[in-house]
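Given next are the chains, with one letter for each unit.
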2 protein chains.
Amino acid sequence: MSRIPGRVPTTPPTLADVAELAGVSRQTVSNAVNNPDLLRADTLERVQQAIDELGYSPNRAARNLRTRASHLIGLRINAAQEGTANALMDRFVHSLVETSREAGYHVLLFAADHQDPLSGYDDLLRSTAVDAFVITDTYLGNPQAAWLETRRAPFVAFGRPWGVEEPRHPWVDVDGAAGSELATTHLLDRGHHRIAWIGWRRDSWIGEDRRAGWSRALRARGLPTTGLASRVEDTVASGREASAVLLDEAQPSAFVCASDTLAMGVLHTLAERGLVPGRDVAVVGFDDSQVAQVVPPGLTSVRQPLEDVAVEVVKALEGLLGHPPYVGPGVLLAPTLAIRGSS
Amino acid sequence: MSRIPGRVPTTPPTLADVAELAGVSRQTVSNAVNNPDLLRADTLERVQQAIDELGYSPNRAARNLRTRASHLIGLRINAAQEGTANALMDRFVHSLVETSREAGYHVLLFAADHQDPLSGYDDLLRSTAVDAFVITDTYLGNPQAAWLETRRAPFVAFGRPWGVEEPRHPWVDVDGAAGSELATTHLLDRGHHRIAWIGWRRDSWIGEDRRAGWSRALRARGLPTTGLASRVEDTVASGREASAVLLDEAQPSAFVCASDTLAMGVLHTLAERGLVPGRDVAVVGFDDSQVAQVVPPGLTSVRQPLEDVAVEVVKALEGLLGHPPYVGPGVLLAPTLAIRGSS
DNA sequence: CCCGCCGACTTGATCGTTCCAACGACAGCA
DNA sequence: TGCTGTCGTTGGAACGATCAAGTCGGCGGG
């Protein structure tokens, strides 16, 4: 078991190597790593030295096998939508990786099979490759959450379980209504009275939630909403058309949009008509994508606190994977507004 | 070892369970999974049935421990730069996940410690958590590649090893010079004669490479380049300032930029002066970010074939991890041009 | 007829760690 | 002195897979 001195080892040092060098048993080294307070101070010191000298790091596979845990979190990555402004995932993934590292977890990415969106989950679950999942698409009708619940797989959702009475899984979400209310109130404070809404189709719960914030803000000032709202697909072209129609028929002086993608559509219309965003017409988007940050003259946008979302998600994961497992209530976070030239 | 019939197993089925059900030995089941052609047709059939019936999937940890391989690829994710247009990583990550899945690998994300950029690598390496790395930042002076080489860690670089004579590691890159040459030639064909360049600082190899394509295209038509180039930081503000100066001093009718971020800076300057991109002044960016796709009137941009890069990276990984390991020559791919309203 | 070979499958050992039961030393108490 | 309990440590077994070596029956050739 001992290594030939002066020779570069071809395999990494093991627990047994450290034990031999420190003159203790394997279990004592294991305790030094996992339960240091079980050792006497001088023994711990000696073992620590041996660990440092050999550059020992516990073999992941062996530990996983014995403890039946992988310390990996599965995250499905969706095909990047071309032609939309949504860079949400990028920021969230980074925050999640950063936060889970501090909790001792790594993030495992996997792609969905196009025919069977659940196959990826099933595979990782049965081969015990991950301890838990983080799911991000919780629009209604998404089978993931329900399926994972029946499989008793631990998971945390970024997004409310819309339309489900009593969810048995933890979730974290951002208050979309509060976000668009923030945006609308900001425009009202700037003196706008006719503020239009461009959102998503009525069957989108997220879209209706965000829309509610807009109408709430207008009603709070006794302003009407009729004729000022439009519900379309989440594409630049849809936003362009919808804003053109609204400008002709309702003459709004400002737009609040359910996404930066739609807001970019509004900017297209303004450019075509020679109108300057922020001077002639105000525009506010949603998600604070990179697009919003760099497009002239800067697009005011509702910013989701993704760093905080990641923190809450990891907290929920730790509860879920604890002994005994703990499922806390859902967490709803408040967004902020990034104000730029377009308002 | 046998399961109580009619009861839901609390632990996943193992090789031994399958073996018992099929009436064969463990090794035979293992062969059925990994070397099916070693079995007689009828035996294979019987084992397959048992596997399906139990829903068996090999335990990852056990397999990893025995084979000393994790079938995981480590990818470091950098902090998303706020205020830039770079969505390159997003697309590449997705392609890499997709491609490596087909090769039987998963992607493990990790974050760099801010103090010690190598700590993440070291940790994963020593605990044998990943089989190989994919590294993406190969600007000169980046210690990753050199460090990984001394550790004899298998890795593939997306990006040429600039300034290194004989790299001992595989790499895949996109021909930046060809990209800006493509962009410049496109503008020349549209009748532009005075085409300016906005690129990065002289010590950026990537920037100088891209710049070379621009000057090559101009010289091929006998056109001068003097006074038409600017080298700045990769920010929107720098692009804005540089383009303002160039417009005043050299009156170019078109801009080719080393990044979409810089191109957005040009659009800012045009907007401030009431000039319309594509009509009054043409602009071409680099990377085909989401910004380029949605900004009015659409930003023409050099598009890197990231899907192909991922394929080549995974090919190189398979060679690297094969028996015996094979290190092929570097691969250089040609970009394309996504033409939009700005030219 | 016997030997060697080959195909198909089985058996025991092993990867590196953690869990479990047991161990010796020592102290407290009767 | 002897019993009991605690503390720090030990050795053996187990996690679930694969590797290496071995078994067994059948077939062909000298």
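Cut-offs and rules
- Residues numbered from 1 in each chain as written.
- Chains lettered and ligands numbered in written order.
- Predicted model: local features only at pLDDT ≥ 70, side-chain atom pairs only at ≥ 80, totals over all residues.
- Heavy atoms only, no water.
- Helix = DSSP H or I, 4+ residues; strand = E, 2+ residues; numbered from the N terminus.
- Rg over C-alpha atoms; globule rule 2.2 N^0.38 Å.
- Buried < 20%, exposed > 50% of the residue type's maximum accessible area, 1.4 Å probe, protein only.
- Contact = heavy atoms within 4.5 Å.
- Areas by Shrake-Rupley, 256 points an atom, 1.4 Å probe, with all protein chains shown as cover.
- Lys, Arg positive; Asp, Glu negative; His and termini not counted.
- Charge placed at Lys NZ, Arg CZ, Asp CG, Glu CD.
- Near = heavy atom within 4 Å.
- Polar contact = N/O pair within 3.5 Å; in protein donor to acceptor, adjacent residues only side chain to side chain.
- Nonpolar A, V, L, I, M, F, W, Y, C, P; charged D, E, K, R; others polar.
- Salt bridge = Lys/Arg side-chain N within 4 Å of Asp/Glu carboxyl O.
- Domains from an automatic or database assignment.
- Least-squares fit on C-alpha atoms with pLDDT ≥ 70 in both.

## Points about the overall build of chain A
Across its full length, chain A carries 13 helices and twelve strands. Taking 2.2 N^0.38 as the reference for a compact globule, 343 residues should give roughly 20 Å; the C-alpha atoms of chain A span a radius of gyration of 26 Å, well beyond that estimate. Overall, the C-alpha framework of chain A stretches about 85 × 40 × 35 Å when taken along its three principal axes. When the 343 residues of chain A are sorted by exposure, 54% land in the buried category. Excluding contacts between residues fewer than 6 apart, the proportion of contacts in chain A whose partners are at least 24 apart in sequence is 67%. Summing over all exposed atoms, chain A offers an accessible surface of approximately 15,700 Å²; the carbon and sulfur share of this is 51%. Distance between charge centres in chain A, computed from 33 positive and 41 negative side chains, equals 2 Å.

## A short note on the protein's contact with DNA strand D
In the vicinity of DNA strand D lie 26 residues, with A:Thr43, B:Leu15, B:Gln27, B:Ser30 and B:Asn34 positioned nearest. Protein-proximal atoms of DNA strand D, defined as those within 4 Å of the protein, fall in sugar or phosphate at a share of 61%. A distance of 2.9 Å separates a base oxygen of DNA strand D from a polar atom in the side chain of B:Arg66. Going through the elements one at a time, helix H2 (26–34) and helix H4 (60–67) of chain A together with helix H2 (26–34) and helix H4 (60–67) of chain B are the ones with two or more residues in the surface near DNA strand D. At five residues, the largest contribution of residues to the surface near DNA strand D is made by H4(B). Looking at the surface near DNA strand D residue by residue, the classes come out as nine nonpolar, ten polar and seven charged.

## So, the interface of chain A and chain B
With 59 residues of chain A at the contact, the number on the chain B side is 59 residues. Here chain A is connected to chain B by zero salt bridges. For the interface between chain A and chain B, the tally reads ten residue pairs in polar contact (both at pLDDT 80 or more). The set of elements that each furnish at least two residues to the side of chain A that touches chain B consists of H4, strand S1 (72–77), helix H5 (88–102), strand S2 (106–111), helix H6 (119–126), helix H11 (260–272) and helix H12 (290–294) of chain A.

## Brief notes about the domain arrangement of chain A
The domain architecture assigned to chain A consists of domain 1 (15–58), domain 2 (72–174 + 308–332) and domain 3 (176–303). Distance between the C-alpha centres of domain 1 of chain A and domain 3 of chain A: 61 Å.

## Considerations on the relation of the copies chain A and chain B
Rotating chain A by 180 degrees and translating it 0.0 Å along the rotation axis places it on chain B, where the RMSD comes to 0.1 Å. These values place the two chain copies in the arrangement generated by a two-fold rotation axis. Here 100% of the interface residues in chain A have copies in chain B that are interface residues too; the copies meet face to matching face.

## Points about unusual backbone geometry
Of note, the amide linkage connecting A:Pro296 to A:Pro297 takes the cis form, showing an omega dihedral of -5 degrees. Tracing the backbone shows A:Pro297 in the loop between H12 and strand S10 (300–303). A positive phi is found at B:Gln251, a non-glycine position, where the angle reads about 45 degrees. Its location among the elements puts B:Gln251 in the loop between helix H10 (236–250) and strand S8 (254–257). The exposure class assigned to B:Gln251 is exposed, which follows from its relative accessible area of 51%. Of note, B:Asp288 is a non-glycine position whose phi angle comes to about 50 degrees, a positive value. You can see B:Asp288 is positioned in the loop between strand S9 (282–286) and helix H12 (290–294).

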